[in-house]
Amino acid sequence: MRVLLVEDEKALAAALSKIMSKNNIVADVSYDGEEGYLLAQRDIYDVIILDIMLPNKSGLDILKDLRSENIKTPILLLTARDTIKDRVDGLDSGADDYLVKPFATEELLARIRALGRRSKDFIDSKILEMGNTKLYINNGELEIEGNKKKLTAKESQLLELFLRHPRMVLSKEQILERIWGIEGNAMENNVEIYIHYLRKKLGSKSNLVIETVRGIGYVLKEKDRNAK
């Protein structure tokens, strides 16, 4: 799971990042509201944690702007504000959860896991499907018209990313950050290589195609039946 933590208390942010890392949660940290907003716009996170009082752009403003841009990533507001009105304002602005400081780290981790399950729809299904093509998330199997083949871990992650964002153009930068991590050393040609592998696995039987959008990135869509 990948989480964005926007918190200007550096000591708290460092402690939370360390705790999340120990619990297999990758956390990208920002101490500034404007920078946090720009990171959140990339739409590569499973959960976003926002402090409300932030320099340059408040957590509530970030929340409202993300929701107005149709970014649906689950958002947890983490704040010292504890009045009923504060909670109502946060939830009405589009937050999925609200946790008041001070808090128990076990509760924070539980809430992050719950929001992460919601974002990936793990509760209802472990299969992603589009057209005649299915991806079994648990074991990385690709099924096309009843025929199954095994994907590598990176191929499975890449197809999952596309299936969760159908018909949306994903840049190479977004793919690199999501699959290899924001601190990873992978290069853009890694993306090209794995796109090539995945196209071969989809083959001619799948009615899906990964198209290159020159100068921008890639998009997964249904094949044009009228194309010659």
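Here the structure is a predicted model, which is why all the values come from computation and not from measurement.

Moving on, we come to the pairing of strand β3 (residues 47-51). One face of the sheet, then the other: side chains in a regular strand alternate in exactly this way. Judged by how many residues are buried, β3 sits mostly within the fold: five of five residues are covered. Side-chain alternation along β3 places Val47, Ile49 and Asp51 on one buried face and Ile48 and Leu50 on a second face that is also buried. As defined by bridge partners, β3 adjoins strand β4 (residues 75-79) across four bridges and the pair is classed as parallel. Of the residues in β4, the one forming a bridge with Leu50 is Leu77. Regarding topology, helix α3 (residues 59-68) serves as the crossover connection from β3 to the parallel β4, and that connection is right-handed.

Evaluation of the coordinates by the stated rule reveals one aromatic pair. Taking the centre distance of 5.4 Å and the plane angle of 85° together, the rings of Tyr194 and Tyr197 count as edge-to-face. Highlighted residues: Tyr194 and Tyr197, both in helix α8 (residues 188-202), separated by three residues, approximately one helical turn. Take Tyr194: its relative accessible area is 22%, and that puts it in the partly exposed class. The class for Tyr197 is partly exposed, based on a relative accessible area of 38%.

Definitions and cut-offs
Residues numbered from 1 in each chain as written. Predicted model: local features only at pLDDT ≥ 70, side-chain atom pairs only at ≥ 80, totals over all residues. Heavy atoms only, no water. Buried < 20%, exposed > 50% of the residue type's maximum accessible area, 1.4 Å probe, protein only. Helix = DSSP H or I, 4+ residues; strand = E, 2+ residues; numbered from the N terminus. Pairing = 2+ DSSP bridges. Right-handed = clockwise from strand over helix to strand, strands pointing away. Phe/Tyr/Trp six-rings, centres within 6.5 Å; stacked < 30°, edge-to-face > 60°.

The values reported here are purely geometric and, on their own, carry no functional implication.
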